[in-house]
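# Observations on the three-dimensional arrangement
Each chain, written out:
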Amino acid sequence: MVGEEDGMKNKVRIGVCVMEKKVKSGSEAFSGPMLQILERLEAFGEFEIVHFGDKVILEEPIQSWPICQCLIAFHSSGYPLERAEAYAALRKPFLVNELGQQRLLHDRRKVYERLEFYGIPVPRYALVNRESPNEELDYFIEEEDFVEVHGNRFWKPFVEKPIDEMPANFCVLFSEGDDHSIMIYYPSSAGGGMKELFRKIGNRSSEFRPDVRRVRREGSYIYEEFMPTGGTDVKVYTVGPEYAHAEARKSPVVDGVVMRNPDGKEVRYPVLLTPAEKQMAREVFSAFGQAVCGFDLLRCDGRSYVCDVNGWSFVKNSHKYYDDAACVLRKMFLDAKAPHLSSTLPPTLPWKVNEPVQQSEGLTRQGSGIIGTFGQSEELRCVIAITRHGDRTPKQKVKLKVTEEKLLNLMLKYNGGRPRAETKLKSAIQLQDLLDATRILVPRVRPGRESDSEAEDIEHAEKLRQVKAVLEEGGHFSGIYRKVQLKPLKWVKVQKANGEGEEERPTEALMVLKYGGVLTHAGRKQAEELGRYFRNNMYPGEGTGLLRLHSTYRHDLKIYSSDEGRVQMSAAAFAKGLLDLEGQLTPILVSLVSKDSSMLDGLDNASIEIKEAKARLNEIITSGSKSVHNNSSREKPWMVDGAGLPPNASEVLPKLVKLTKKVTEQVRLLAIDEDEELAESSSYDVILPYDQAKALGKTHIDVDRIAAGLPCGEGFLLMFARWRKLERDLYNERKERFDITQIPDVYDSCKYDLLHNAHLNLEGLDELFKVAQLLADGVIPNEYGINAKQKLKIGSKIARRLLGKILIDLRNTREEAISVAELKSNQDNNIAVPAAKEETDYHSKAYGKIDGTRRASFTSDMSMDQDEDDDKEPKYRLDPKYANVKTPERHVRTRLYFTSESHIHSLMNVLRYCNLDESLQEEPSLVCDNALDRLYRTKELDYMSYIVFRLFENTEVALEDPKRFRIEMTFSRGADLSPLESNDSEAASLHQEHTLPIMGPERLQDVGSYLTLEMMEKMIRPFAMPAEDFPPPSIPQGFSGYFSKSAAVLERLVNLWPFHKHSSNSNGSSPRKSRSENHKNQAEETSYT
């Protein structure tokens, strides 16, 4: 008994001075992690753990509290922090977490001030302090797409946080509008709305509210720049200044659904910290004096920012972490109060014998599932997909010259009063102003019926009426789909208002309204379905292979979109299906999709060649000339000029015009009926216009409009305007001239109305579709080049930047895979290291290993240099020491590019005709003859058509062997089934839902063929943009950090591009040679990935 008492006297007493129970949240002190760590500390035999209990803490005088040498104390609801401070002052124990500093953690203003004082990066922010609710502040301005605080402008998306933060360990059910919720406000260009973030309730952590657009004014808030993190948040847990463990989880800003494992716990996976992030963890410890704490890390554009510090926090469900935390705390306690005792760890940790065995879950390996299998040694390393957007409404344009003073004044209002400056109206406020003006200007009765107005005036009034109709169908004016241009044409000099001199005033301007091209419910459905198809078929595993990869942060996903709204929304819908997300598309779009218009938009680079191709195409069609076929062209019909054009095209054109007139007349009569009904009403709003904005969120057909005999996607007036414009543009009766460039538009409108407006029963529409399709199948492919060589030239100009990016993606994947293989080989060679040594060096070894792995993934210690690497994308790498997976080194890169028809055609033309280049004429085409023939017969690359490159690594082949990496190429024609198809039961069923199925992938290579990455690079290199030629991308005004990349990224690529510096490796040289020669730039080369 005496021996036991002496033993207790020699032990270090650790006091646990925390509340036993906390309101609605249970006890952190006696939770699983805390108990696990305390039990491990006791197991060392050096410590006595003393629990104070609520009665002692709340009622007894501090003088009678247990005397302890070390103290664990942290604030929670109802905790008497002042009493704990008084006890610490009296007994002077070693404090794991300083007490006074804990007050700072409950005021976000003080947290940010403290972080900044210590030089720890935080998001750009500004404070709005109110003395009373709804107090008006002269330094705070709110507009449609931004707020301004003391002159600092925050463009949407931005974050709004209440200044008084709830304790991290205090859970509360937030009611709507509760002041402790964090809000994210989205820009009108992405659809608008707000997402409310709250502490987890069931399986939800956020809620999207599409109708909330104004910020709160009930209290004081921090406004903060939104950081796009790729849909992932990082939580860092520190134990002392030298230990930090990081876990990543799905960000609540994406869809608000909490990922949970079968036990109901939130899914999180350990990730590696960069050296700079580890230093940030040390600084957080120093700034707040909290040895055990957690903080939130945002990784954005290669930099990391601390956005919250939570105080006392532990990792849950990680036995390795419990071991580490106990060892770190043991050393801290002994160094502080028993330095005479050795802090060296015993050879075997005392609790190891009783540690439960963790279940491990792996992934099934597989080779190519599309073009033959090359054995179980083959691993998928990269998936690159270039995809066209989904089904859309027809694109439209209205042009009219305006002289009305209201419209000219509106132009001056938004161009800064400059009489010769062009104005673009896109925001809700601007479009509402225009709508108000046109409502006043549009006559209530159609001119021409009761007056002798000139035809020109009638047409002008009709166009104004069309503008008004378009704007009224806008709902909340989502700027993604409508924009108006006002360009001054004539000016006069007038006396200034103050009488001092003259000034110019515009008297006439050209108004151009672009609208339509809206992603339909069918387009959204197609995109989501294709995302699900990719999830289940493009990746290893059965059904959940991709989700497993993604959730364990072995999946590096980036999604890029062009500037077009339909393309952006297609990308977001695809991401929703790919990652099994829920909810609205706007938060997914902002969180996961990056806009790169310079890579995925525009035809300017090839405008001259396209004009030449169209001129030649017009000549072939209108002249009725036949192409000359020789023997080789019979074998390869795709090689002749105008391949695919019907031989009787010139004879079919008059029939096309006649049928177009027939359909237009029927729609005109329907529009008259609608207009008369509107004219007879006493209000503009009696007949509710079609609401495009609400239609954006729909995933099903509009049953009510169909039942009412109304068109889908627009009103009759705009439907008539669409067909009338086609009729006028297709054939000029005065000049007796056909415009063949209108053929694709006629086909587009036919297909749209057959799919979405079949209930209108337009006579002759099906016949018109067949004629238009016959012509369009020949016209569309030839608009991108009249023959193979011109197709290659135009394709390389349009897709040059995209091709360069694809090669960068493939090269980065190869370099990373080789480094991981080398690292794994080195680890296997050193496997004899004793297990006890690993435990002894539990924290220094861990950091060394992590740093090595970090360098292996080409994000070295210099990657966080704030001057050099400010544009890197976030990197999430699984930490193998803590991972509960069999293959932690496994990593798949996915790059998804969403674009329009022009880029799909251009990319495909380069792939199939690249060997026609003078430098490659001895090489066979990348696309086999069988696929070339199928492409020739395919004609149209329809909605959701795609091209996929998959890179495989054969791990049984030597690193130096070119056959180590193989490329597989496939394509899909997209939803190219005719809406008149009657022999396809699945298509008929889908047609009832106004949609069409997406065709499955087809091979571009022969079965059993082997395209090495080295050969792929050689064939594509002449047409791809080298890094030094990449222009700096344009950043939309006011969208700093949102959908943008800075020029620094592209400038750094100049030093990374190996192809213009080295040989093509055709002599068999190893790709590793260029890797070693460019070793200096390895860290930077993934900055634009």
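Residues numbered from 1 in each chain as written. Predicted model: local features only at pLDDT ≥ 70, side-chain atom pairs only at ≥ 80, totals over all residues. Heavy atoms only, no water.

Tallying secondary structure elements over the protein chain gives 33 helices and 32 strands in all. Per-residue burial for the protein chain yields a buried fraction of 57% across its 1089 residues. The contacts in the protein chain between residues at least 6 apart in sequence include a share of 76% that link residues at least 24 apart. With the model as given, the accessible surface of the protein chain reaches about 44,800 Å², and the carbon-plus-sulfur share is 48%. (Helix = DSSP H or I, 4+ residues; strand = E, 2+ residues; numbered from the N terminus. Buried < 20%, exposed > 50% of the residue type's maximum accessible area, 1.4 Å probe, protein only. Contact = heavy atoms within 4.5 Å. Areas by Shrake-Rupley, 256 points an atom, 1.4 Å probe, with all protein chains shown as cover.)

Right, let's get into the packing of helix H22 (residues 743–756) against helix H23 (residues 765–783). Close contact between H22 and H23 brings their axes to 8 Å; oriented N to C, the two are set at 135 degrees. Between H22 and H23, the interaxial angle falls into the category oblique. For the crossing formed where H22 meets H23, the hand is left-handed. When H22 is examined against H23, the residues Ile743, Pro744, Val746, Tyr747, Cys750, Lys751, Asp753 and Leu754 are found in contact with a partner set consisting of Leu765, Asp766, Leu768, Phe769, Ala772, Gln773, Leu775, Ala776, Val779, Ile780 and Glu783. (Axes fitted to C-alpha atoms, helices over the stretch in contact; angles between N-to-C directions. Parallel < 35°, antiparallel > 145°, perpendicular 65-115°, else oblique. Left-handed = near helix turned anticlockwise from the far one by under 90°.)

Considered for burial, the residues of helix H8 (residues 405–414) that qualify are Leu407, Leu408, Leu410, Met411 and Leu412. Just past H8, the residue Gly416 takes up positive phi, approximately 80 degrees.

This part is about a positive patch on the surface. A grouping of Lys397, Lys399, Lys424, Lys426, Lys483 and Lys514 is seen on the molecular surface, where their side chains present a positively charged patch. On the secondary structure map, Lys397 appears in strand S20 (residues 395–402). Using a relative accessible area of 36% as the deciding quantity, one classes Lys397 as partly exposed. (Patch = residues over 30% accessible without salt bridge, like charges linked within 9 Å, V, L, I, M, F, W, Y side chains within 5 Å. Salt bridge = Lys/Arg side-chain N within 4 Å of Asp/Glu carboxyl O. Lys, Arg positive; Asp, Glu negative; His and termini not counted. Charge placed at Lys NZ, Arg CZ, Asp CG, Glu CD.)

Turning our eyes to something else, we now look at the confidence of the model for the protein chain. In the predicted model, the protein chain carries a mean pLDDT of 79, and 76% of its residues have values of at least 70. Taken together, the stretch residues 355–375 has pLDDT below 50 and engages in 54 contacts with residues farther than four places along the chain or on a different chain. Here residues 831–874 is modelled with pLDDT under 50, and outside its nearest four sequence neighbours on either side it reaches 101 contacts, counting other chains as well. (pLDDT = per-residue confidence, 0-100.)

In this section: the sheet that holds strand S1 (residues 12–17). In spatial order, the strands read S2-S1-S3-S4; together these 4 strands make up an open sheet with parallel pairing. Only two strands of the sheet have a single partner each, and these edge strands are strand S2 (47–51) and strand S4 (94–95). Bridge count for S1 against strand S3 (residues 70–73) is 4 bridges, and the pairing is parallel. Looking at S3, one finds that Gly15 is bridged to Leu71. (Pairing = 2+ DSSP bridges.)

With 13 residues, helix H28 (residues 901–913) extends 18 Å from end C-alpha to end C-alpha; this agrees with the ideal 18 Å at 1.5 Å per step. Here H28 lies mainly inside the structure; 13 of its 13 residues are buried. (Expected span 1.5 Å × (residues − 1).)

Strands sit in the order S20-S23-S22-S21 across an open sheet of 4 strands; the sheet is antiparallel. Strand pairing shows two members of the sheet lacking a second neighbour, S20 and strand S21 (423–425), which therefore form its edges. Between one strand axis and the next, the sheet turns by 25 degrees as a mean value, whatever way the strands run. In this structure, S20 lies alongside strand S23 (residues 502–516), joined through 8 bridges in antiparallel fashion. Directly across from Lys395, in S23, lies its bridge partner Gly516.

The final tally for this structure, using the stated rule, is 14 cavities of 30 Å³ or more. Estimated volume of the second largest cavity: approximately 180 Å³. Taken together, 17 residues line the second largest cavity, and the ones lying closest to its centre are Pro781, Lys791, Arg912, Leu935 and Tyr936. Looking at the lining of the second largest cavity, the elements that each hand over two or more residues are H23, H28 and helix H29 (929–938). Looking at the lining of the second largest cavity, its residues break down into 8 nonpolar, 5 polar and 4 charged. (1 Å grid on protein atoms, 1.4 Å probe; cavity = no way out; pocket = protein on both sides within 12 Å on 5 of 7 lines; lining within 4 Å. Points joined across faces, edges and corners; volume = space filled by probe spheres on them. Nonpolar A, V, L, I, M, F, W, Y, C, P; charged D, E, K, R; others polar.)

Before going further, it helps to examine the pairing of strand S13 (residues 221–225). Counting buried positions along S13 gives 5 out of 5 residues, so the element sits mostly inside the fold. Judged by which residues are buried, S13 turns out to be covered on both faces: Tyr221, Tyr223 and Glu225 on one side and Ile222 and Glu224 on the other are all buried. Here 4 bridges tie strand S5 (residues 125–128) to S13, and the two strands are oriented antiparallel to one another. Among the inter-strand pairings, Tyr125 is bridged to a residue of S13, identified as Glu224. Sheet topology note: the strand S9 (residues 158–162)/S13 ladder contains 5 bridges and is antiparallel. Counted as the bridge partner of Lys161 is Ile222 from S13.

Applying the stated criterion across every chain yields a total of 24 aromatic pairs. Measuring from ring centre to ring centre gives 5.9 Å for Phe158 and Tyr223, while their planes differ by 80 degrees; the resulting arrangement is edge-to-face. Of this pair, Phe158 sits in strand S9 while Tyr223 sits in strand S13, and the two are 65 residues apart along the sequence. The pair formed by Phe158 and Tyr223 is uniform in burial state, with each residue classed as buried. Ring centres of Tyr747 and Phe769 lie 5.6 Å apart, and the angle between their planes is 25 degrees; this geometry places the pair in the stacked category. (Phe/Tyr/Trp six-rings, centres within 6.5 Å; stacked < 30°, edge-to-face > 60°.)

With that out of the way, let us pick up the pairing of S9. Within a regular beta strand, the side chains point alternately toward one face of the sheet and then the other, so they alternate between its two faces. With 5 of 5 residues buried, S9 is to be regarded as a mostly interior element. Because side chains alternate across S9, one face comprises the buried residues Phe158, Glu160 and Pro162, and the other comprises Val159 and Lys161, equally buried. As paired strands, S9 and strand S10 (residues 182–185) are joined by 3 bridges and run antiparallel to one another. The residue of S10 that forms the bridge with Val159 is Ile184.

The biggest cluster of nonpolar side chains holds 49 residues, and the ones touching the most others in it are Phe949 and Met1016. In terms of residue count, the dominant contributor to this core is helix H25 (residues 800–829) (7 residues). Among all residues touching Phe949, those that are not within four sequence positions of it are Cys382, Val383, Ile384, Ile386, Ile806, Leu907, Leu911, Ile967, Glu968, Met969 and Met1016. In this structure, Val253, Leu519, Ala527 and Met538 belong to the second largest nonpolar core, which totals 45 residues. (Core = buried A, V, L, I, M, F, W, Y, C linked by side-chain atoms within 4.5 Å.)

Moving on, we come to the pattern of salt bridges. Per the counting criterion, the structure on display carries 62 salt bridges. Close ionic contact of Arg532 with Glu529 constitutes a salt bridge, the shortest N to O distance being 3.3 Å. Residue Arg532 and its partner Glu529 are located together in helix H11 (residues 521–537), separated by 3 residues, close to a single helical turn. On the basis of relative accessible area, Arg532 is assigned to the partly exposed category, the value being 29%. The network of salt bridges with shared partners includes Arg524, Glu528, Glu529, Arg532 and Lys576.

As a further point, take unusual backbone geometry. Of note, the bond from Lys156 into Pro157 is cis; its omega dihedral lies within 30 degrees of zero at 5 degrees. Mapped onto the fold, Pro157 is located in the loop between strand S8 (152–155) and S9. Even without glycine at this site, Lys92 takes up a positive phi of about 50 degrees. Mapped onto the elements of the fold, Lys92 is located in the loop between helix H4 (81–91) and S4.

With respect to the secondary-structure elements, Met227 resides in the loop between S13 and strand S14 (232–239). Between the alpha carbons of Met227 and Phe158 there is a distance of 8.4 Å; along the sequence they are 69 residues apart. Dropping the residues within four chain positions of it, Met227 is found in contact with Pro123, Arg124, Leu298, Cys300 and Tyr305.

As a further point, take the side chain of Arg895. Relative to the helices and strands, Arg895 resides in strand S28 (residues 892–899). Here the side chain of Arg895 touches Asp556 through a polar contact of 2.9 Å, landing on its backbone oxygen. (Polar contact = N/O pair within 3.5 Å; in protein donor to acceptor, adjacent residues only side chain to side chain.)

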